[in-house]
Amino acid sequence: MTTPMIDLPSTACASPPVVRERGQHEVFCGLTSIIWLHRKLQDAFFLIVGSRTCAHLMQSAAGVMIFSEPRFATAIMEERDLAGMADMHDELDQVVARLLVRRPDIRMLVLVGSCPSEVIKLDLGRAAGRLNGHYAPRCRVIAYSGSGIETTFTQGEDNFLAALVADAAKPAAPKARARLVVAGCLADVVEDQFQRLLAAMGIDDVVFLPGRSATAGLAIGPETRYVLAQPYLGATAQALDARGARRIDAIFPLGSEGTTAWLWAIAAAFGIDRDRFDAVVAQPRKRARQAIDHYRGWLAGKKIFFFPDSQLEPSLARYLHQELDADIVEVGSPYLHREHVAGEIALLPPGVIVSEGQDVDRQIDRCHAAAPDLIVCGLGLANPFEAEGRITKWSIEFAFTPILGYEQAGDLAELFARPLMRNHTLTGRPANVEAAE
Ligand code: SF4
């Protein structure tokens, strides 16, 4: 038996107006994306060129991971570097030389720019070029910016992937032509699931960007189609477009319906027959729906408010509304790539506020006025809201947990349902308890 298909949404219909805000904001900088990137690329090393602040941020965000000799570190700029008393390029060369002797397994060294390195205009692109001359092909060196001036949280991954695409354009890169590139860092388990589903449809020469190996090579040309697996990849899409690759437009693979629409967009672009597609997705889709149904009672009708964090917010809100019947009050996103999220926004319920950027005090006022049942926000806001008697979900978990694809659709519902369940257990009251003023 095959299940009925959903079509890609029409993006032409009335989309909610977007509230643009600029002001005080509470978000991570792009360095934090190194925490999931370094786990994915097993032969790469991320060297942040920054201050003690950057090192502290990575230490607290990485938690216990810092005890497992992770493949990232910070080259800390001292006062004499900032005062121009030392040649930063010489110092960097020495740090890199020591690192590569100590870790001969590194095949790609990634120099990551920070606020301090940008403020003193240290040109890491030039440094990468120079170091490449010395270490390539044994170890390639690339650079990108993860600074708080330029990037917010997941945008760090975007800049890294754009740098990988640019690096692949270099003549020395291997030339294995890609027909389909899936862009966006995926947990290995999710990558394997997508690879299996696509292969079962007859699409088997798929390149994942990033892959598990930084040295696997990536050749892109006009025959390459690419699909974004994450909504925060504006610069990566631009870099792929610049190489002649063509984007497959789709909503993002969150939940049963999101994953189906995403896979179908790929299948249609490759001329796969609808019956074959339905046969491949029928079982995993059914499993995903059953897993989601398990949590519907906790989330149906609940008012949910999203503070901006990762740019995943429109997709998460669409999933909650479309598949769990939640009532979405506001969807905040640090940045909205209009073209890439048009499909998601068109599926949001009427009356929802979509906000881009942040003026945190005004947003907190709106949140208080809406009195939502669940607030999705960062760690800096979560405990103060909890102290007011409100229920929160830490948004950072959506970036660190595998949530894409059919098999993770139920886990994703659970991430939202868990704080409501916990509150119920602790208080014995229904989950939509009125917040104390
Ligand atoms: S890059 Fe900037 S915002 Fe990020 S930790 Fe370093 S100083 Fe702070």
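Just so it is clear, the structure is predicted and the values come from calculations on it, not from any experiment. (Residues numbered from 1 in each chain as written. Predicted model: local features only at pLDDT ≥ 70, side-chain atom pairs only at ≥ 80, totals over all residues. Heavy atoms only, no water.)

A. The arrangement of the side chain of Gln155 in detail. Among the secondary structure elements, Gln155 is positioned in helix H7 (residues 155-168). When its relative accessible area of 18% is taken as the criterion, Gln155 is described as buried. Setting aside residues no more than four positions away along its own chain, Gln155 makes contact with Glu150 and Gln311. (Helix = DSSP H or I, 4+ residues; strand = E, 2+ residues; numbered from the N terminus. Buried < 20%, exposed > 50% of the residue type's maximum accessible area, 1.4 Å probe, protein only. Contact = heavy atoms within 4.5 Å.)

B. Up close: the nonpolar core. Phe46, Phe160, Leu180, Leu320 and Phe416 are the most contacted members of the largest nonpolar core, which totals 108 residues. Each residue touching Leu180, except ones within four places of it in the same chain, is listed here: Leu198, Ile203, Asp205, Val206, Val207, Arg225, Tyr226, Val227, Ile248, Ile266 and Phe270. Among the nonpolar cores identified, the runner-up in size contains 21 residues, and Ala75, Leu99, Leu109 and Val141 belong to it. (Core = buried A, V, L, I, M, F, W, Y, C linked by side-chain atoms within 4.5 Å.)

C. Summary view of the sheet that holds strand S1 (residues 18-22). Overall, parallel pairing links the six strands, which are arranged S1-S12-S11-S10-S13-S14 in an open sheet. Strands at the two margins of the open sheet, each flanked by one partner only, are S1 and strand S14 (392-394). On average, each strand axis in the sheet is tilted by 20 degrees relative to the strand beside it, whichever way the strands run. Two strands pair when backbone bridges link them, and strand S11 (residues 327-333) and strand S12 (residues 353-358) are joined in this way by four bridges, in the parallel orientation. Considered in S12, the bridge of Val331 is made with Val354. (Pairing = 2+ DSSP bridges. Axes fitted to C-alpha atoms, helices over the stretch in contact; angles between N-to-C directions.)

D. Main features of the sheet that holds strand S4 (residues 108-113). Taken in spatial order, the four strands make up an open sheet running S3-S2-S4-S5, and their pairing is parallel. Of all strands in the sheet, those bounded by a partner on one side alone are strand S3 (72-76) and strand S5 (140-145). Each strand of the sheet is rotated relative to its neighbour by a mean of 25 degrees, with strand direction disregarded. Where strand S2 (residues 44-50) and S4 come together, six bridges link them in parallel fashion. Across the sheet, residue Ala44 finds its bridge partner in S4, namely Met108. In the packing of helix H6 (residues 124-135) onto the sheet, contacts are made with S2, S4 and S5, and the angle to S5 comes to roughly 175 degrees.

E. Molecular detail of the site of the ligand. Near the ligand the following residues occur: Cys29, Leu31, Thr53, Cys54, Leu57, Ser114, Cys115, Pro116, Ser147 and Gly148. Every element with two or more residues in the shell around the ligand is listed here: helix H2 (52-62) and helix H5 (115-119). Sorting elements by how many residues they give to the shell around the ligand places H2 first, with three residues. (Near = heavy atom within 4 Å.)

F. Highlighting a nonpolar patch on the surface. Judged by side-chain polarity, Leu82, Val119, Ile120 and Ile149 come together as a nonpolar surface patch covering roughly 360 Å² of accessible area. Structurally, the position occupied by Ile120 is in the loop between H5 and H6. (Patch = residues over 30% accessible without salt bridge, like charges linked within 9 Å, V, L, I, M, F, W, Y side chains within 5 Å. Areas by Shrake-Rupley, 256 points an atom, 1.4 Å probe, with all protein chains shown as cover. Salt bridge = Lys/Arg side-chain N within 4 Å of Asp/Glu carboxyl O.)

G. Quick look at the pairing of strand S6 (residues 180-183). Side-chain alternation along S6 places Leu180 and Val182 on one buried face and Val181 and Ala183 on a second face that is also buried. Pairing analysis gives four bridges linking S6 to strand S7 (residues 206-209), with the strands arranged parallel. From the neighbouring strand, Val182 faces S7, where its bridge partner is Phe208. For the segment spanning S6, helix H8 (residues 188-201) and S7, crossover handedness is right-handed. In terms of strand pairing, S6 meets strand S8 (residues 225-228) through four bridges, oriented parallel. For Ala183, the partnering residue across the bridge sits in S8 and is Leu228. (Right-handed = clockwise from strand over helix to strand, strands pointing away.)

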